[in-house]
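Breakdown of the fold
Residue-level listing of the chains:
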Amino acid sequence: MELRQLEYFVAVAEEQHFTRAAARLHVVQSAVSAAIKTLERELGVPLLDRNAKSVRLTDAGAALLPRARIALDAARDARDAVAEVRGGLRGTLRIGTLASIRIVDLPALLGEYHRRHPGVLLQTAVSPGGSRGLIELLQEHRLDLGFVSVPGPRPAGLHLTELTSAVMDLAVPAGHPLDGRAEVAVEELGGLGFIDLPVGYGNRDVADRAFAEASVRRHVTIEITDIGTSADYVRNGLGVALLPRFLLRDVTGIAVMPVTGADLRWPLSLAVPAARAPSAAARALIALTGEFLPEGRADR
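Residues numbered from 1 in each chain as written. Predicted model: local features only at pLDDT ≥ 70, side-chain atom pairs only at ≥ 80, totals over all residues. Heavy atoms only, no water.

Along strand β5 (residues 145–148), one buried face is formed by Leu-145 and Phe-147 and the opposite face, lined by Gly-146 and Val-148, is buried too. Bridging between β5 and strand β13 (residues 265–273) involves three bridges; their strand directions are antiparallel. Looking at the pairing, Phe-147 lines up with Leu-270 of β13. (Buried < 20%, exposed > 50% of the residue type's maximum accessible area, 1.4 Å probe, protein only. Helix = DSSP H or I, 4+ residues; strand = E, 2+ residues; numbered from the N terminus. Pairing = 2+ DSSP bridges.)

Next up, the structure:
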């Protein structure tokens, strides 16, 4: 049994597809198929149930998968230890991020990381499903760590460390009937048309949960995928929006006010898979992240 065979097996198991696994490994599909067939022959049992549409683990494959990951992690840790002695970390770090997390200066964070660890290849990914999509990628071990917003119960299979949070305020266009109010109760917002991100994004989940707990029906009339442009949509009269306070500083053409009677705290967390210990490269980024957080909570 070779580490390469285990690596190919884990990739196919996580991707549930030979072609995607080969692309992830940067090898031809025939090499992946051959390695796994050899592994199955050596073990004397099929590990994968193959069909035209997908690949599933057999009982033997499911038993092997966690032990294969342990073996690969041990080999990775051994390589990391040697790399550190030789003067630097190596490898690839797959990072999930949100489309706009301005509360943390991610380019500055990754820039400093690259200066300290130039031997690590950084790959960032954004999911069209927002934080929920990133969580699925982390649970499937397609990402090493991710910046996510997860209000409510923590998802299974992940370790989450909350980094910071921000209160979400109501933004309305200038001249709106609520313009000039010092604050507004959540019960007053039931008849308004909201601009929001799709279900699965952290700020959408915060708002939906808060309105449901207050028994107030909320109407989302426009969905967008970049929270950074939400204020522009509000300014142009397309609706109102609940946005993290840090996005609303120095914004003109809109009125901003806090909402009472609802928990509208938007959290930002760093998530890692629970089933696998983070690599040395991942641990270095986790440690560095603390240096790039805003002082205190971002709700002032």
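With that settled, consider the packing of helix α1 (residues 3–15) against helix α2 (residues 18–25). Packing of α1 against α2 brings their axes to within 8 Å, and their N-to-C directions diverge by 125°. Relative to α2, the element α1 is oriented oblique. Where α1 crosses over α2, the two elements pack in a sense that is right-handed. Of the residues in α2, those in contact with Glu-7, Tyr-8, Ala-11, Val-12, Glu-14 and Glu-15 of α1 are Phe-18, Arg-20, Ala-21, Arg-24 and Leu-25. Looking at the contact of α1 with α2 residue by residue, the class counts come to six nonpolar, no polar and five charged. (Axes fitted to C-alpha atoms, helices over the stretch in contact; angles between N-to-C directions. Parallel < 35°, antiparallel > 145°, perpendicular 65-115°, else oblique. Left-handed = near helix turned anticlockwise from the far one by under 90°. Contact = heavy atoms within 4.5 Å. Nonpolar A, V, L, I, M, F, W, Y, C, P; charged D, E, K, R; others polar.)

Now for unusual backbone geometry. We note that Ser-215 has phi near 55°; this positive angle belongs to a residue other than glycine. Relative to the helices and strands, Ser-215 resides in the loop between α7 (202–213) and β9 (219–223). Positive phi values are uncommon outside glycine, yet Asp-250 reaches one of about 60°. Within the element layout of this structure, Asp-250 appears in the loop between β10 (241–244) and β11 (254–257).

Here we come to the nonpolar core. As a rule of thumb, nonpolar side chains are buried together in soluble globular proteins. Core analysis: the biggest nonpolar cluster contains 70 residues, and Tyr-113, Phe-147, Leu-170, Leu-189, Leu-242 and Trp-266 have the highest contact counts within it. With eight residues, strand β6 (residues 158–173) is the largest single contributor of residues to this core. Discounting residues that sit within four places of it in the chain, Leu-170 has contacts with Leu-178, Val-184, Leu-189, Phe-194, Val-240, Ala-241, Leu-242, Ala-255, Val-256, Met-257 and Val-259. If you look at the next biggest cluster of nonpolar residues, it comprises 22 residues, including Phe-9, Leu-25, Leu-47 and Val-55. (Core = buried A, V, L, I, M, F, W, Y, C linked by side-chain atoms within 4.5 Å.)

The next subject is helix α6 (residues 130–139). Taken together, the buried positions of α6 are Gly-130, Ser-131, Gly-133, Leu-134, Ile-135 and Leu-138. Tucked inside the fold, the buried residues of α6 contact β3 (91–96), β4 (120–125), β5, β6, α7 and β13. Positioned one or two residues after α6, His-141 has a phi angle of 65°, which is positive.

This part covers the environment of Met-168. Note that Met-168 resides in strand β6. For Met-168, a relative accessible area of 1% translates into the label buried. Along the backbone, Met-168 and Val-126 are 42 residues apart, and their C-alpha atoms lie at a distance of 22 Å. Residues in contact with Met-168, not counting those within four places in the same chain, are Asn-203, Val-206, Leu-242, Leu-243, Pro-244, Leu-264 and Trp-266.

Okay, the environment of Gly-180 next. Following the sequence through the fold, Gly-180 ends up in the loop between β6 and β7 (184–185). By relative accessible area, which is 69% here, Gly-180 ends up exposed. Considered as a pair, Gly-180 and Val-256 are 76 residues apart in the sequence and their alpha carbons are 8.7 Å apart.

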